[in-house]
Amino acid sequence: MHRRSFVAGLGATGLGGLWLPVASRAEPPLAADPFALGVASGRPMPDSIVLWTRLIAAGEPGERLGTSIPVDWAIAEDEAMRRVVGHGQATAEARWAHSVHVEVGGLRPNRPYWYRFTVRGKASPVARTRTAPDASERLSALRFVFASCQQYEQGYYSAFRHMAAEDAAFALHLGDYIYEKSWGRDLVRRHEGGRTTTLDEYRDRYALYKSDRDLQAAHAAFPWIVTWDDHEVDDDYTDDVSPQEPDRARFLAQRAAAYQAFWEHMPLPLSFRPQGPSLRLYDRYRFGDLAAFQVLDGRQYRSHHACRAALPRNKVMRACDERLDPARTMLGAAQEAWLADGLARGSTNWNVIAQQTLMAQVDRGDGEHRAFWHDGWDGYAPARQRLLDAVAASPVRDTLVMSGDVHSFWAADLKRDFDAANAPIVATEFVGGSITSQGAAPARVKALLARNPDLRYGLGGRHGYAQVALTPKAATVSFRVVDTVKEPTSGIATIQRFTVEAGRPGVSAP
Ligand code: FE
Ligand code: CA
């Protein structure tokens with residue numbers, strides 16, 4: 001029977017509106033390469049790691065696989081996958097976009113592993129990962145990279161291709177992994193669709209970004225530790241308020257969709273799965289006795305923008321007393337207490353605070369008029385003060401802050417009082433540029449440097465990431481910059497290198 005007349009026939013017999021038998025639905029088969037979005041690993045612990053992939057369907061982009069699909073995984077001590085130390089079967093469920101999140105336990109600390117997935121006889125590429133050292137290990141060196149802000153339309157991901165070749169234990173991603181909307185000049189490729197607000201739209205946006213082979217190579221080279229910023233959801237959102245969506249309930253539904261799609265596409269464990277519009281993302285990592293990482297979420301719990309009703313579109317404002325209200329929070333009370341507790345109990349050589357946006361104070365005014373950007377830490381000055389007080393009180397002497405969001409490279413001294421020239425420096429901040437996203441022009445960076453002495457180095461108009469080498473004696477941070485993001489391939493070079501000696505916080509003159 002022709003399908004149409006079959007449905008019509010149901011209607012005629014009073015069964016219209018009932019579901020059709022599953023077998024009669026046109027379910028697209030798996031794509032010829034079901035792993036075309038790549039594989040990834042993340043959340044490196046001394047004995048465990050998370051393995052990730054997402055299956056995709058054949059046919060039109062946006063075609064959905066209709067059922068749960070068993071996926072086999074294996075992890076081995078060698079790249080040829082001969083010494084397999086773990087294997088099993090996971091289920092890729094339609095409800096979670098056929099993503100797979102395997103938490104592999106029972107691993108040995110501080111060593112590389114290789115893994116792959118198999119579905120219906122098709123194997124993924126073999127990818128490399130690495131466990132963290134044991135918490136008690138005396139670690140003499142740790143190398144990692146950090147990056148943020150990869151607007152797909154504005155450039156190619158050569159930076160990720162080069163990142164994949166770095167000698168690094170892991171990568172830190174500090175947010176803006178996707179952009180919910182099109183923007184920028186001189187675009188080299190285009191998003192499909194407009195601004196994302198629904199679950200399917202966010203899923204398709206992640207699928208587009210993850211189809212990039214250079215990004216896939218960086219995921220396949222080492223585990224990633226991830227947090228987010230605003231563009232994973234909506235530009236400049238704060239907790240339950242978005243400048244683009246006046247209705248809070250509708251925005252929370254959008255946030256729930258965005259958080260779900262984020263979880264579906266990141267190497268995060270099942271325990272991080274969102275519940276409605278909530279996803280607990282902030283987390284700690286420890287790499288032997290050398291470094292503890294506090295990975296923060298500065299979006300989900302923050303106070304709304306100060307002086308919101310009068311705030312101009314660029315969020316820069318001259319006078320606003322509300323900005324200095326101590327009741328305002330960037331992290332929310334629970335995360336702030338959790339961070340202070342972690343810093344107070346520190347016992348490593350280094351603290352690293354991995355978070356979204358530039359922490360140093362930046363006066364963006366002119367002449368005698370000071371002005372501050374309310375979406376950054378300057379809009380949450382007392383909360384920053386409390387964070388830096390906790391840093392200063394930590395038994396760990398040396399703290400580094402790693403930041404993203406501002407689409408330019410920076411090195412800055414962090415002080416408990418930014419307005420006192422002689423206030424002690426309590427931490428050293430580095431912003432690792434952007435992978436592709438456009439930011440301040442070099443002349444603007446120069447003007448900000450001239451006006452703000454705690455900003456010790458700035459670079460605009462270039463793209464890349466940062467590489468960090470830690471030892472008990474020093475931290476070396478290298479800014480890695482591609483020649484161009486406008487060509488599919490590009491060279492890379494270290495444009496600046498900084499050394500922070502243990503016990504001497506602050507940026508040494510570059
Ligand atoms: Fe960004
Ligand atoms: Ca941002």
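Computed from a prediction, not measured in an experiment: that's the story for all the values here.

**Q** Quick question: what am I supposed to make of the packing of helix α6 (residues 333-344) against helix α7 (residues 381-393) here?
**A** The axes of two packed helices give the description: the angle between them and the distance between them. Running from amino to carboxyl end, α6 crosses α7 at an angle of 20 degrees, the nearest separation of the two axes being 8 Å. Between α6 and α7, the crossing angle belongs to the class labelled roughly parallel. α6 and α7 meet at a crossing whose hand is right-handed. Where α6 approaches α7, its residues Glu 336, Leu 339, Ala 340 and Leu 343 are matched on the opposing element by Arg 386, Leu 387, Ala 390 and Val 391. A class-by-class count of the residues in the contact of α6 with α7 yields six nonpolar, no polar and two charged.

**Q** Is there a simple way to think about the pairing of strand β6 (residues 112-119) in this case?
**A** Within a regular strand, side chains alternate between the sheet's two faces. With five bridges connecting them, strand β3 (residues 69-76) and β6 associate as antiparallel partners. Residue Asp 72 lies in a different strand from β6, and its bridge partner there is Thr 118. Pairing between β6 and strand β7 (residues 122-123): two bridges, direction antiparallel. Directly across from Val 119, in β7, lies its bridge partner Lys 122. Joining the antiparallel neighbours β6 and β7 is a turn of two residues, in which Arg 120 adopts a positive phi near 45 degrees.

**Q** Teacher, can you tell me more about the state of the cysteines here?
**A** Working definition: the covalent bond between the sulfur atoms of two cysteines is a disulfide. Applying the stated criterion across every chain yields a total of one disulfide. Between Cys 307 and Cys 320 runs a disulfide, and the two sulfur atoms are separated by 2.0 Å. Residues Cys 307 and Cys 320 share a disulfide whose torsion about the S-S bond is about 95 degrees; that sign makes it right-handed. Here Cys 307 is found in the loop between β13 (291-295) and β14 (316-317), whereas its partner Cys 320 is found in the loop between β14 and α6, with 13 residues between them in sequence. Of the two residues examined, Cys 307 and Cys 320, each falls in the buried class.

**Q** Help me understand the packing of aromatic side chains, please; the structure alone is not making it clear to me.
**A** Geometrically, a pair of aromatic rings is defined through the distance of the ring centres and the angle of the planes. Scanning the entire structure with this criterion turns up 26 aromatic pairs. Aromatic rings pair up to connect Tyr 152, Tyr 157, Phe 160, Tyr 177, Tyr 206, Tyr 209 and Trp 224 into one cluster. Sitting over the face of the ring of Tyr 152, Arg 189 holds its NZ or CZ atom 3.8 Å from the ring centroid. One Lys or Arg, Arg 189, reaches over the ring of Tyr 157 and ends 4.7 Å from the middle of that ring.

**Q** What should I look at first to understand the coordination of the calcium ion (ligand 2) in this one?
**A** Six octahedral donors around a metal ideally subtend angles of 90 or 180 degrees, whereas four tetrahedral donors ideally subtend 109.5 degrees. At the metal site, the calcium ion (ligand 2) is ligated by Asp 176 (OD), Asp 229 (OD), Asp 230 (OD) and Asp 405 (OD), and these contacts range over 2.2 to 2.7 Å. On the primary sequence, the residues serving as donors to the calcium ion (ligand 2) are separated as D-x52-D-D-x174-D. A separation of 3.8 Å is found between the calcium ion (ligand 2) and the iron ion (ligand 1), both of which receive a donor from Asp 176. Here Asp 405 lies in the loop between β17 (398-404) and β18 (409-415) and Asp 229 lies in the loop between β11 (224-226) and α5 (248-265), a separation of 176 residues in the sequence. Across this residue pair, the class does not change: Asp 229 and Asp 405 are buried.

Calculation criteria
- The written sequence of each chain sets the order in which its residues are numbered from 1.
- Chain labels run from A onward and ligand labels from 1 onward, assigned in the order the entries are written.
- The predicted nature of this model means local features are confined to residues of pLDDT at least 70 and side-chain atom pairs, given and counted, to a pLDDT of 80 or more, with totals for whole chains, interfaces and linings taken over all residues.
- Heavy atoms from the whole structure form the basis of all side-chain values; hydrogens and water molecules are not counted.
- Inter-axis angles, ranging from 0 to 180 degrees, are taken between N-to-C directions of lines fitted to C-alpha atoms, where helices are fitted over the stretch in contact.
- In DSSP terms, a helix is any run of H or I states spanning at least four residues, a strand is any run of E spanning at least two, and both are numbered starting from the N terminus.
- Throughout, the term roughly parallel applies to angles under 35 degrees, roughly antiparallel to angles over 145, roughly perpendicular to angles from 65 to 115, and oblique to all others.
- Two helices that cross are described as forming a left-handed crossing if the nearer one is turned anticlockwise from the farther one by less than a right angle, and a right-handed crossing if clockwise.
- The contact criterion used throughout is that any non-hydrogen atoms of two residues lie within 4.5 Å.
- In this classification, the charged set is Asp, Glu, Lys and Arg, the nonpolar set is Ala, Val, Leu, Ile, Met, Phe, Trp, Tyr, Cys and Pro, and all remaining amino acids, among them Gly, are polar.
- When DSSP locates at least two bridges between a pair of strands, those strands are taken to pair.
- Cysteine sulfur atoms are paired as a disulfide whenever they come within 2.5 Å of each other.
- The buried label goes to any residue with under 20% of its type's maximum accessible area, the exposed label to any with over 50%, and the partly exposed label to all in between, with areas taken from a 1.4 Å probe on protein chains only.
- Two aromatic rings from Phe, Tyr or Trp, using only the six-membered ring of Trp, form a pair when their centres are within 6.5 Å; if the ring planes differ by under 30 degrees the pair is stacked, by over 60 it is edge-to-face, and anything between is tilted.
- As a reminder, the over-ring test applies to NZ of lysine and CZ of arginine, requiring each to be within 6 Å of the ring centre and within 35 degrees of the ring normal.
- With water excluded from the atoms, a metal site may look incomplete; its donors are any N, O or S atoms within 2.8 Å, or within 3.2 Å for Na, K and Ca.

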